[in-house]
Every structure is written in C-alpha cells, then in structure tokens.
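Residues per chain are reported as follows:
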Amino acid sequence: MFKFTGLVSGLSRILDKIAGLCMVCAMLLVVANILLRALFSRPVLGVYEYVTFLTVATIGLSLAHCALQNGHIAVSFMFDRLPLKIQELVDLIINTAGLLFWSICAWQVAIFANSTAASGVVSPTSQIPLHPFIYLAAFGLLALGLVLLVRTMESVQRLLQPSLTPLSTPGIKAAKSIQKAAAVNK
Amino acid sequence: GSSAEDNDAGQVVELKLAHFFPSTHPAEEDLIQPWADAIEEATNGQVKITSYPGETLLKADQIYDGVVSGVADMGMSCFSYTRGRFPVMEAFELPGVIYNNSKVASTVAWEGIKQINPEEIQDTKMMMALTTGPGDLFTKAPVRRLEDLQGLEIRATGLSALTLQKLGANPVAMPQSDAYEALSKGVVKGNLSPVEVLKGWKHAEVTKYLTRTPFLYNTLFFVTMNLDKWNSLSPENQKAIEAINEKYFTEVAMGLWDKQNEAAMKWAVEDQGVQEIKLTDEEAERWINLVQPIQDEFVANLDAKGLEGRQVMDTVLELADKYNKEYQ
Amino acid sequence: MSTLVVGLISIIAFFILLVLRMPIAFAMALVGLVGFACLTSPSAAFSMVAKEIYATFSNYSLGVIAMFVWMGFLAFYSGIGTRMYVFAYKLIGHYPGGLAIATQAACGVFGAICGSNTATAATIGAIALPEMKKYKYDDALATASVAAGGVLGVLIPPSVIFIVYGMATEQSVGKLFMAGILPGILLMLLYMAAIALITFRKPGLGPAGPKANWRERTEALRGGLGEVLIIFTLSMGGLFIGWFTPTEAGAVGAAGVLGVALFKKSISWEGFNKSLLDATRTTAMIMLLIAGAMIFGRLMAISRLPFELAQMAGTLPLPPFAVMAIILFIYLVLGCFIDALALVLLTIPIFYPIAVNTLGYDPIWFGVIIVMTVAMGVITPPVGMNVYIIKGVAPDIPLEVIYKGIWPFLGAVVVCLALLIVFPQLATFLPRLMS
Ligand code: NA
Ligand code: NA
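In the annotation of an unreviewed UniProt entry, chain A is listed under the name TRAP-type C4-dicarboxylate transport system, small permease component and assigned to Desulfoscipio gibsoniae DSM 7213. Regarding chain A, the relevant UniProt record gives this comment under Sequence similarities (unreviewed entry): "Belongs to the TRAP transporter small permease family." For chain A, the Subcellular location (unreviewed entry) comment in UniProt is given as "Cell inner membrane".

Visitor: Describe the overall build of chain B, listing the residues and the values that go with them.
Guide: Looking only at helices and strands, chain B has 13 helices and 11 strands in total. By the compact-globule yardstick of 20 Å for 328 residues, chain B fits well, its C-alpha radius of gyration being 20 Å. Principal-axis analysis of the C-alpha atoms places the extent of chain B at approximately 65 × 45 × 35 Å. Classification of the 328 residues of chain B by burial places 63% in the buried group. A fraction of 77% describes how many contacts in chain B between residues 6 or more apart in sequence connect residues 24 or more apart. Between the mean site of the 30 positive side-chain charges and the mean site of the 50 negative ones, chain B shows a separation of 6 Å.

Visitor: I'd like to hear about the packing of helix α3 (residues 42-57) of chain C against helix α14 (residues 269-303) of chain C, residue by residue, with values.
Guide: Residue and element names in this part refer to chain C. Closest axis-to-axis distance for the α3/α14 pair is 9 Å, and the angle between their directions is 140°. Between α3 and α14, the angle falls in the class oblique. Like other packed secondary-structure pairs, α3 and α14 cross with a definite hand, here right-handed. On α14, the residues that touch Met48, Val49, Glu52, Ile53, Thr56 and Phe57 of α3 are Met287, Leu288, Ile290, Ala291, Met294, Ile295 and Arg298.

Visitor: Residue-level account of the sheet that holds strand β11 (residues 275-278) of chain B, with values.
Guide: Residues and elements named next belong to chain B. As summarised here, the arrangement of the 6 strands in space is β7-β6-β8-β5-β9-β11, forming an open sheet in which the pairing is mixed. Unpaired on one side and paired on the other, β7 (170-172) and β11 mark the two borders of the sheet. Across this sheet, the average inter-strand angle for adjacent strands is 30°, counted without regard to direction. Note: strand β6 (residues 153-155) against strand β8 (residues 190-193), 2 bridges, orientation parallel. By the bridge assignment, isoleucine 154 is partnered in β8 with glycine 190.

Visitor: Any chance you could break down the interface of chain A and chain C for me, citing the residues and the numbers?
Guide: In this complex, chain A contributes 71 residues to the contact, which on the side of chain C involves 61 residues. Here chain A and chain C share an interface that buries about 6000 Å² over both sides, 77% of which is from carbon and sulfur atoms. Our count for the contact surface shared by chain A and chain C stands at 2 salt bridges. Salt-bridge contacts for arginine 37 of chain A lead to glutamate 248 of chain C; the nearest nitrogen and oxygen are separated by 2.9 Å. Across the chain A-chain C interface, the total number found is 6 residue pairs in polar contact (both at pLDDT 80 or more). For the side of chain A that touches chain C, the elements supplying multiple residues, two or more each, are α1 (2-40), α2 (47-68), α3 (84-119), α4 (131-160) and α5 (177-185) of chain A. Of the residues in the side of chain A that touches chain C, the class split is 45 nonpolar, 20 polar and 6 charged.

Calculation rules
Residues numbered from 1 in each chain as written. Chains lettered and ligands numbered in written order. Predicted model: local features only at pLDDT ≥ 70, side-chain atom pairs only at ≥ 80, totals over all residues. Heavy atoms only, no water. UniProt positions renumbered as here; feature names shortened; annotations may be inferred. Helix = DSSP H or I, 4+ residues; strand = E, 2+ residues; numbered from the N terminus. Rg over C-alpha atoms; globule rule 2.2 N^0.38 Å. Buried < 20%, exposed > 50% of the residue type's maximum accessible area, 1.4 Å probe, protein only. Contact = heavy atoms within 4.5 Å. Lys, Arg positive; Asp, Glu negative; His and termini not counted. Charge placed at Lys NZ, Arg CZ, Asp CG, Glu CD. Axes fitted to C-alpha atoms, helices over the stretch in contact; angles between N-to-C directions. Parallel < 35°, antiparallel > 145°, perpendicular 65-115°, else oblique. Left-handed = near helix turned anticlockwise from the far one by under 90°. Pairing = 2+ DSSP bridges. Buried area = accessible area lost by both parts, 1.4 Å probe. Salt bridge = Lys/Arg side-chain N within 4 Å of Asp/Glu carboxyl O. Polar contact = N/O pair within 3.5 Å; in protein donor to acceptor, adjacent residues only side chain to side chain. Nonpolar A, V, L, I, M, F, W, Y, C, P; charged D, E, K, R; others polar.

Here you go:
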C-alpha cells in the first residue's frame, strides 16, 4: 500500500517535471518565432501547431500531480458539518466515482486516439500526425486515475480503521508553496 | 429504436444537425433552415431536423467524426479540418485549377464525388457538397506581380500555406480568429481567403488591396448524415430527401458563396475603399506554373496510398473545364 | 422524458455532487456525460466527452492561459511582484485598502495585454495575494478583489469573449474592442470605490500602513517599478507595433519576466522550479475545469434548455426594456452554472436576433452588455470560474470565504450595468468616433 502510494506520487512528480519542461519549450518556441518573424522575416511555418502539441503535453502530464496536491477544487462548506462517519463514507463513494469516471475517460480518449491513427489525421499545416498527442492526453488521464485509486484506497482504510488518520479536507492538505515561498522571499 | 416499419406507422425521426457557421450566416439562414423545412414537408413531417449552429453541439473539426459516432445525426463542415483523413477530397481544393466562381467549384466537387465515390467517405451518407469557390489575396500593400509577393507575410493554413510557399510568399499559419488583430497590427501583411471573409470577419477594415487569384484556393464543405440513421428511414423518405438535396444543391448551395462574395465585395469596395487588382493573363500564367507541382505531389501521394491519383486529378480538371464554360 | 426535464435534473444532480464535495470539474464532466448519454446514446456520449477533453487541451487560444499563469508565478518567485507591491505600499499603503485599490489598477493595466478573465485573475492573483496577506489584508477582501478584477481582462481590449461575440454575430471586432474601453475603466473605478467604501467602514479589512516620504517612494520606485516598466513596455509596445499577436503576448510576458529576473539574478533555480510547479498545477486545474464546463455546456445545448428560455423571453408581450431586463436576468441565472465563453457561444445565436432585430438595440452596445453580464457570472456562486481560479492560486483559503467577499464587487458590476443602460454612449461613443 505505502509502496504503491509512493510509486504513484513519484510517477506524477516525474510527469509534472516533463510538463514544466514542455511549458518552457512552448515559451521559447513562441519567442523564437516572433524574433525570426520580426527581425529576419523568416517565421517557422506551423509554430502554433507545435505550441498546441506542447500545451497538450503540459496539461495532460500535470493532471495527476495536480490531483495529488488536491489542486482540483471542490466545495466543502456545507458538508463539513455532517458526522465524520458519513463524511468518510461519502468520500469513499465520490473517490470511487471519480476513479471510475477518469479511468473510463482515459480509455475513451485512447479509443479516440486509435481511430485518429487509423484514419491518418494530421495537423493542417505542419502535417504532423495527431494521434501520439491524443495518446499522451489519455496517458495523463490514466495517471490521474492512479492518483484517485490511491485516494480511494485511503478512504477504505480510514473507514476500516477510524483511529488511523483524521480526515483531510480538500484544500487544507493542499500545497502551501505560496505561503512558504512568501516567507522565503521576505 | 426507429426501424423502417415504425416510420411507416407515422413515427417521427428527429435529427440533430451540427455545424460551425454563426446562426446569422447564410449557410444557416438560406441553406440549412429552408432545406430542413423542405425535408420535413417532403416526408410528411416524418423527418424533422433541428440545427445546432455556431459549434454549439460539436467543434468544427469534430463534426464528421461526431456524425459517424452519433453525437449528431447530421453535420456540415470542411473536409480539410481533419487533414489526412480525406486524401482524395483534397483534389477539389488544389491550386492551379481555375474556377470561375463557386457555382463551378461546387458542381465540380459534387459531381466529382459522385463519379469517384471514394472509400474515405463511405462511413456516412453524403447529402451534398459545396465550396467557397476561388479565394483571393487581400493585402495591406498592392500585389500586382509575383515580385510584390516575395517574402510577404500572408496568413494561411494547411494546403494554402504550401501554395503561398511555392509562390515565394512567407506564409504564417494562425487561426482565422487571430487574423483580424494580426492584420490590423501588421503582424501579417495579408490573407488568402474567399472574398466573403472581407465582410464576415471584417478584414476589409484592416486591408487595402484585393488581388484576384481564381486559381489559388478553394474550400470544400460537406453536408452528411449518420449511416445507421439513414438506413433506418423508409425507402420513400430516402427518395424524397435525395430529391430535396438535389433541388437545394442547384437552387441554393452551389451559388451560396457567389452571392456572399458579391455582397462582401460591394461592401469592401464602396464602404471600406478596398482596391481591386486583376492580374494580366501572362502574370497569372507565371503563378499557375509555380503551383503546378502541388498537383503532381498530390497525384504521387494518392498513388503511394494505392489510390488512382492521376484519374482523380483528370476527373477534376475535365469537370472544371466543362463547368467553367457552363457558368461564366 | 422531455429533454428539458433531463436538463433540469442534470442541474440538480450537479448541485448534489457539489455538496458531496466532488471536485467541480469532475462533477460537471460526469453529469454532462450521463445526461448526454440519456439524450443520445452511451457510445455517443463517451465519444463526445473524449473529444471535448482533447479539444480543450489542444485549444490554441486557451493554451495562452498557461503562459500568463507562469508569468505571474515567475514574477512572484523572482520577487518582482514583491517589489512592485512595496512601491504601491509606499505610495498609497497609508490609506485603508490602498493595496487592494492598487491591485485593481494592476488588473486594468494587465487587461490591456491579456484577453482572458481566467488568465488575468490567475496572474495577478499569484502576485498580489501573498503580498496583501503580508500586509495583513483580509482574506475575503484580497481574494474577491482579484477574482472580480479578472473581469477587466475581458472588458479592456484585447478580449477573447469580444472575439467570440464578433465571430458569432459578424460584428466588427475592432469596434467591440473600442466599445469595451470606457466601460472597462468605469468598472475599474467602481471596484476601487467599492474597496474604499468597505475599508472606510471596516478599516481592519485593509489596514493602513505608515505614510512614506517621497525619498522612500523614489527609492522603492528604483527598486521595483523599473523592471516592471521594462516588461510592460516590451509587451504593450510589441503588441502595438505589431511584433506579435495578443495570443503570443503571454509567452513574451513570461520570457520578459524570466529575462529580467535572470539579468538581475533575482530568481534561484529552486524558485524557477517552483514557478513551473505552481504554473502546471494551476493550468491543469483551469483546463480540467474548462473541459468540464464544455462537456456540461454540450449537455445544456442538447437539452435545449437555454434555447427554450431564450425563445420564451423573446415572445413575451412586453416593452423592449422589460424584455432586455429578462434577457439579462436569464444570463445571470445561466451564468451561475455555465462558464462565460460557453455561455456566449450557446446563447448568442438566440438572444442576438431578439435584442438587435426584434427590439432594435445597438449590436455593439449589446455586445458590451453581454460581456459584462457573463463576466458577472464568473464571480457568482456556485459556478464562478474566476473564484475557482483564485482558489487554485491560494489553496488554503476556503471557497466560501472568497464568495463572502464577492458581494460588494457584484454590486459594482450591477451599478456599471445600470449606468451602461442609462447612458449607452459609454459603449457606443468610441466606436462611432472610429468610423
Ligand atoms: Na484584455
Ligand atoms: Na456564476
């Protein structure tokens, strides 16, 4: 269990690093193209398609890490007043539903990628095949599903061993990097 | 479950049609709406079509697939938005083929599709095909000769970008939604599009000249239907719909862009002071020679896929020749 | 079952899932999927959801949000944002709420570069929220003022929503942009007035600092504002001269901030990494939210709920201003559930002909009114995209705290709308000057 949790969080961290790298590349590409166009009148054709592909990678690969940090926000104020046992039970149901939903989405996006590969769709200008990037999005959703699997397992554990850990509400546990960094900056 | 028997019993088949044109666009007001009404009437109210314009149901590049998978029952969009999926259809958009107007280009496409009947569109039931007809170059500085075009940044995507590259221009690919701002600030110095765009996207506000190039550009639209839905209709209803399709193709669809282009041209010249430039025959000849290789590449590409490239190309050229004489 | 009933049940189901603490993006996508499956078929619904997710991730215009968000975090981690706020604090920090007022000015100025309300809220939020916290500003006031300020991003040109409106109605985008300037400035001033009023009544919400003398101010100016001016001049000037398009401005801004930070050696490798980490997290959250909103929007379209509401309003036997009031009310209600961009796409095809052709309102004026009304929607509960964005940037502040602070700003938008209705010239004056 702990091993699996560690594996999933490690994976999502690595994916997030790649996502960040893609964002840097997109920025450099846009700026390089502007310079080439404005100074040398030699823009790279289809740059906006490359940027689009990099954006897909950025978003797809950061989904899991975002979920790991409870970054996908939820409304919590009405629910906090219910008894803890009920909260835990509903949490389990919601996490399971999320797990099922995003796993199915990953699978469906992969099917979409399959059919795109079969029909040979390419980007209009640079004529790069689209399906690798759709697979990438599917992979990102799958990683998101893994994080939700961890969350579901945690819910089950809490329900079975109520004394183990107090329930974490979304947001409280979330990354407080801003505040930490604010302290660093002072 | 709406089988043919159900329909004979008078059950109504409701169909959702997805397209990307704004709800005030002639494609919706003059074509889709009256055509849908005519189908409802011809099938005694058994086939009812509801239109979802402006990408409210499906995005432009998802429409064909959306019809195949049943998100919508019918759809209208461009083949070229999913480049690579319809290799044969590119034949109708190739540069170097002269089209006098959209009537010619649309008739060539619709007749050509029926003659060639390519494998790539067998997964839906084609209702009709229509085109924008030739596109023109609208620019901030006048383009009278090939030399004026050298190194000039022109917005174009897909096949048109290749066309402009062959002519020595500097194509810049960006979405049409970015083009107005880009033209206005001079990020690009021109656009290659149907004249309609001058008014529809207000490009006449940000360009000054229009060079007529009836051999550089064409965009092909389809109106198509989910195959299962089509097969579920009774033979009588199918026949009635096909009759309506042909009627609306000839009376509305094939000339739809000509009407818009004329109105846009009038507005651009009279209200916005856009100046029209016509190339001399010798000059046009130079341009056509430069883009000719794209046709050869197209043929080679189809041949490599095991499709009859030369035959497809010849069909297009023959039909263009024939209908250029018919619709001057 | 009628499609309308499915639409209504879906909205209720969405609410229930929200209360049960399901993440908002999940809830919208899940309800969208199930509802769509009810009205078409499961296979069609799955295909719709898969394509919509990829379409959102691969949307070029939305992709710029990532760049702007990163720019904001770069400015924060390099301390550029801090130095900017030190200057603002020295300048007007001795008035209660001074920093929140300065933040509105920052939103307005940033709105001239960025065309999206979400990106404006995220970028300014990343810079401003930690600073206001440092100076002991109330959480509700600080977060709500940035969430509301993000709206200036779409009112002051360039603007994504004006482009979408112009496209759907074939109106001049240039004229729409001109029309947005005065109402944008007016709204900014009204926000400032609202902040002044709140902090006048409860000075503890935005505590006043010591008054700085002019020597301290010029020092702070040299320390911070210089680099901001360089970046801003570069972005604005480049846009104006035509070096790049508004969609490219985000990347230029990020490059500019990074360049200045590297030149002044004010960002560490760790800070750079953190800026990336925060930017990818915020972007993933925003994009999944937009994908969810798009999927939910498809369900709304196919349920025909918005269309039927519109049709109903258009056929009421009432004077034009009353019909217009009903239209705005419907927008306000729908805006509570549907994202601004999706709402404009969905409803303009129906409301535009009613407002312009039937009632005879000016199309440019109507565009400004619509943008302002849907912009109101992005800060109203339960679906307020800007509020979610702020929550994403400041994860430790509960959503209800942000919503609590929103009311005065909502009041400011209502006053602005009322002024626009009474004095339509506010929107139509500049575009008329143009032609
Ligand atoms: Na803006
Ligand atoms: Na709202």
